[in-house]
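Structural characterization, general
Each chain, written out:
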Amino acid sequence: MKPRLIAIAALAAGVVLAMPHHAAAQTPVDTEKELEKYRQMMSDPMSNPGFLNVDRGEALWGTKRGTKNVSLETCDLGKGPGKLEGAYAELPRYFADTDKVMDLEQRLKHCMEAIQGLDTADVVKRRFGREGQISDMEDLVAFIANKSSGMKFNPQVTHPKEKEAYAVGEALFYRRSDFMDFSCSTCHSEDDRRIRLQGLPNLVKAKGKDVQATMGSWPTYRVSQSQLRTMQHRLWDCYRQMRTPEPVYLSEGLTALTLFLVKQAEGGELQVPSIKR
């Protein structure tokens, strides 16, 4: 070996030997634990921007709009007109006045039209917020869901149409489609799965910690998008990533899939709005 290379090798060896013992013995950072610390720090209403949506939603709930110039305060979300506490924890559910199983956003659209006489075309157009565009739906969902925060999922799957919707949702969860031949279960049917650095929760284990923690955290504020997002958006984005045709907003299929997932998470605690990457 040439003298110059010998000198360099000796210098490098000296640096390694001079390193403190604890530096060489350090363990890798547990990414999930560090992220959980961050979420905990941001869960306070003074830190989580999602609570701005809660405040806007509360104001919107009491705002008189539409041809009838009334508020949404008499809207029945399943617990009786105007009663919000615990309503989100039991949705989607069957509503006799529409003879349909509805999730929160479907029900809100119905109330806007039936109670307020509101043309909801613009509300649907602004269904997902972005820079310079506030979503009425996302704000209202944040406000109403927060009224169930700390409560446990208690889905009602007793009416024949609820049982039918649950069965459809289960079939959709496992249905492989389009050119990538993906289904929801492709990514969410095993423990400890990851895609790149992102953990993929196991949604197959009924009442499991993964599905309860996942479903109990929506709606959530997405830091990467600087927006609060609802379950409607989450499912829309999942289908987008599977490269399937865009699902129709407020479709019965998305409601059925949501009911299946909520039933899987039965007994899990809601902590909303949460905050995610």
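As shown above, the structure is provided for reference.
Described in the following lines is the structure provided in the data block. Per chain, residue numbering runs from 1 following the sequence as it is written. At least 70 in pLDDT is required for a residue's local features to be given in this predicted model, at least 80 for side-chain atom pairs to be given and counted, and no such filter applies to totals for whole chains, interfaces and linings, which use all residues. Side-chain numbers come from the whole structure's heavy atoms, not from hydrogens or water.

**Focus: the state of the cysteines**
The disulfide definition used here is simple: a pair of cysteine sulfur atoms within 2.5 Å. Summed over all chains, the structure comprises one disulfide. A disulfide bridge connects Cys75 with Cys111, and the sulfur atoms are separated by 2.1 Å. Looking down the S-S bond of the Cys75 and Cys111 bridge, the torsion is 75°, so its handedness is right-handed. Remark: Cys111 occurs in helix H5 (residues 104–114) and Cys75 occurs in the loop between helix H4 (50–61) and strand E1 (93–95); sequence separation between them is 36 residues. Elements are defined by DSSP. Helices are runs of H or I of four residues or more, strands are runs of E of two residues or more, and each kind is numbered from the N terminus.

**Some remarks on unusual backbone geometry**
Residue Trp218 is joined to Pro219 through a cis peptide bond whose omega torsion reads 10°. Examined against the element boundaries, Pro219 turns out to sit in the loop between helix H10 (209–215) and strand E5 (220–222). The residue Lys207 is not glycine, and still its phi comes out positive at about 65°. Inspection of the secondary structure puts Lys207 in the loop between strand E4 (198–200) and H10.

**Digging into H5**
A 1.4 Å probe rolled over the protein chains alone gives each residue an accessible area, and that area as a share of the maximum for its type sets the label: buried under 20%, exposed over 50%, partly exposed in between. Every buried residue of H5 is listed here: Leu104, Glu105, Gln106, Arg107, Leu108, Cys111 and Met112. Any pair of nitrogen or oxygen atoms within 3.5 Å is treated as a polar contact; in protein, a donor-acceptor pairing is required on top of that, and neighbouring residues in sequence qualify only through side-chain atoms on both sides. Backbone nitrogen of Glu105 and a side-chain oxygen of the N-cap are separated by 3.3 Å at the start of H5; the cap is Asp103.

**Focus: the pattern of salt bridges**
We count a salt bridge whenever a side-chain nitrogen from Lys or Arg sits within 4 Å of a carboxyl oxygen from Asp or Glu. In total, this model carries 18 salt bridges according to the counting rule given. For Arg126, the salt bridge goes to Asp136, with nearest N and O atoms at 3.0 Å. Of this pair, Arg126 sits in the loop between helix H6 (121–125) and helix H7 (136–146) while Asp136 is found in helix H7, placing the two residues ten residues apart along the sequence. Here Arg126 and Asp136 have matching classes, each one buried. For Lys205, the salt bridge goes to Asp191, with nearest N and O atoms at 2.8 Å.

**Comments concerning the packing of aromatic side chains**
Working definition: a ring pair exists when centres of Phe, Tyr or Trp rings (six-membered ring for Trp) sit within 6.5 Å. Plane angles under 30 degrees give stacked, over 60 give edge-to-face, the rest tilted. A complete count under the given rule lists six aromatic pairs for this structure. Ring geometry for Trp61 versus Phe143: centroids 6.4 Å apart, planes at 50°, classification tilted. Residue Trp61 is found in helix H4, and its partner Phe143 is found in helix H7; the two are separated by 82 residues along the sequence. Grouping residues by exposure puts Trp61 and Phe143 together as buried. Between the aromatic rings of Phe173 and Tyr174, the centroid separation amounts to 5.1 Å while the plane-to-plane angle is 80°, which identifies the pairing as edge-to-face. Aromatic ring contacts, followed pair by pair, group Tyr166, Phe173, Tyr174 and Phe260 into a single cluster. Its end group placed over the ring of Phe95, Arg107 keeps NZ or CZ at 4.0 Å from the ring centre. As a reminder, the over-ring test applies to NZ of lysine and CZ of arginine, requiring each to be within 6 Å of the ring centre and within 35 degrees of the ring normal. Of note, Arg127 hangs over the ring of Phe128, and the distance from its end group to the ring centre comes to 5.5 Å.

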